[in-house]
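Report on the structure
Chain by chain, the residues:
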Amino acid sequence: MTDQPEDVTASPEGGIPAPEVPPTPADMPPYVSAVPGRGALASFFAPIAGFGVSFGNMFRPSVTEQYPREPANVKPRFHGRHQLNRHPDGLEKCIGCELCAWACPADAIYVEAADNTPEEQYSPGERYGRVYQINYLRCILCGYCIEACPTRALTMTNDFELAGPTRAGLIWEKQDLLAGLSEGMLTPPHPMVEGTTDVDYYRGEVTGATDAQRDWVREHRPDDPSLDGTPEGLAAAVPVGETRAAQQKITAAARREGGAR
Ligand code: SF4
Ligand code: SF4
């Protein structure tokens, strides 16, 4: 006959012991609120006390924004529509590296780079952004793309009026996003400032277009409006993109409809 192992679950009387019964709410101590109770007078006025807040605010100055009758008061660091910036001589800051597109959580940016050549130099260095698109149906204006941009080519403006005539009309192309020309700039393509490298541009050592750059543009594009350097010429040299022009038209009409003066 073999030895049997001892049954550890067995009670001294034999059999399986009954499980412990959990406590019921009746066994718990009564709830005591930590909030002090109201007096009789406070309890009497409690139902109408909320009106005190309304009356208190009736005589304060109104803070209602009058948009679109008046321009909206946007905070200076508000992240709105993007802008592709330029160096002081007019060359584009975008080098087509696609870091902004990789950083975008909404997959809203599409970039295609191309090589700069002596005849077609759009940015300092080897490459420039030939195709640049932002899809504002996807963009959530988070700003990750501008953080990722190594050249500060991409920044965000205060413009929040992003309207388009169609779904496709909310895909902004490079021409819609590029900043206009400022004083001292020339329309690309044109060579870099003589004797400089792309590093000089990034260090801010280029302060405007030189005579040699003007001569080059005069030789290759004698009718370029940016050559005269006037505000009208600079504006005419970089016409507003088709999508941006449509947005400006739509928002201007909406503002007028809303009573804009
Ligand atoms: S703001 Fe955000 S969502 Fe919009 S393009 Fe940049 S990274 Fe993408
Ligand atoms: S905007 Fe900046 S991050 Fe995007 S492709 Fe151009 S240089 Fe690169």
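Everything below is about the structure printed above this text.
Residues numbered from 1 in each chain as written. Chains lettered and ligands numbered in written order. Predicted model: local features only at pLDDT ≥ 70, side-chain atom pairs only at ≥ 80, totals over all residues.

1. So, the site of ligand 1
Around ligand 1 there are 13 residues in total, and Cys104, Cys139, Cys142, Tyr144 and Cys145 lie nearest to it. Taken together, the residues that form the shell around ligand 1 break down as 12 nonpolar, 1 polar and no charged. (Near = placed C-beta within 6 Å. Nonpolar A, V, L, I, M, F, W, Y, C, P; charged D, E, K, R; others polar.)

2. Considering the nonpolar core
By size, the foremost hydrophobic cluster in this structure holds 20 residues, and its most contacted members are Leu84, Cys94, Ile109 and Leu177. Contacts of Leu177, omitting those with residues within four sequence positions, involve His82, Gln83, Leu84, Tyr132, Ile134 and Trp172. (Core = buried A, V, L, I, M, F, W, Y, C linked by C-beta atoms within 7 Å. Buried ≥ 20, exposed ≤ 12 C-beta atoms within 10 Å, placed from the backbone. Contact = placed C-beta atoms within 7 Å.)

3. Concerning the sheet that holds strand β5 (residues 171–172)
Taken together, 3 strands build an open sheet; the order of strands is β2-β3-β5 and the sheet is antiparallel. Edge positions in the sheet fall to β2 (109–115) and β5, since each has one partner strand and no second. When β2 meets strand β3 (residues 127–135), the two strands line up antiparallel, connected through 7 bridges. Each residue of the ladder has a partner; that of Ile109, found in β3, is Ile134. (Pairing = 2+ DSSP bridges. Helix = DSSP H or I, 4+ residues; strand = E, 2+ residues; numbered from the N terminus.)

4. A closer look at the environment of Tyr128
Mapping Tyr128 onto the fold places it in strand β3. For Tyr128, a count of 25 C-beta atoms within 10 Å gives the class buried. Distance in space between the C-alpha atoms of Tyr128 and Val111 is 9.9 Å, their sequence separation being 17 residues. With near-sequence residues (within four places) excluded, Tyr128 lies in contact with Glu92, Cys94, Ile95, Gly96, Ala113, Ala114, Asn116, Tyr122 and Ser123.

5. So, unusual backbone geometry
Trans is the prevailing form of peptide bonds, just as negative phi is the prevailing case for residues other than glycine. Of note, the bond from Tyr67 into Pro68 is cis; its omega dihedral lies within 30 degrees of zero at 5°. Mapping Pro68 onto the fold places it in the loop between α2 (51–58) and β1 (82–84). Following Pro188, the chain continues into Pro189 via a peptide bond in cis, with omega recorded as 5°. One can find Pro189 in the loop between α5 (174–177) and α6 (198–202). Of note in this structure, Leu141 is not a glycine but carries a positive phi near 55°. Within the element layout of this structure, Leu141 appears in the loop between β3 and α4 (144–148). Judged by C-beta crowding, with 16 C-beta atoms within 10 Å, Leu141 ranks as partly exposed.

Remember, this is a structural readout, not a statement about activity or role.
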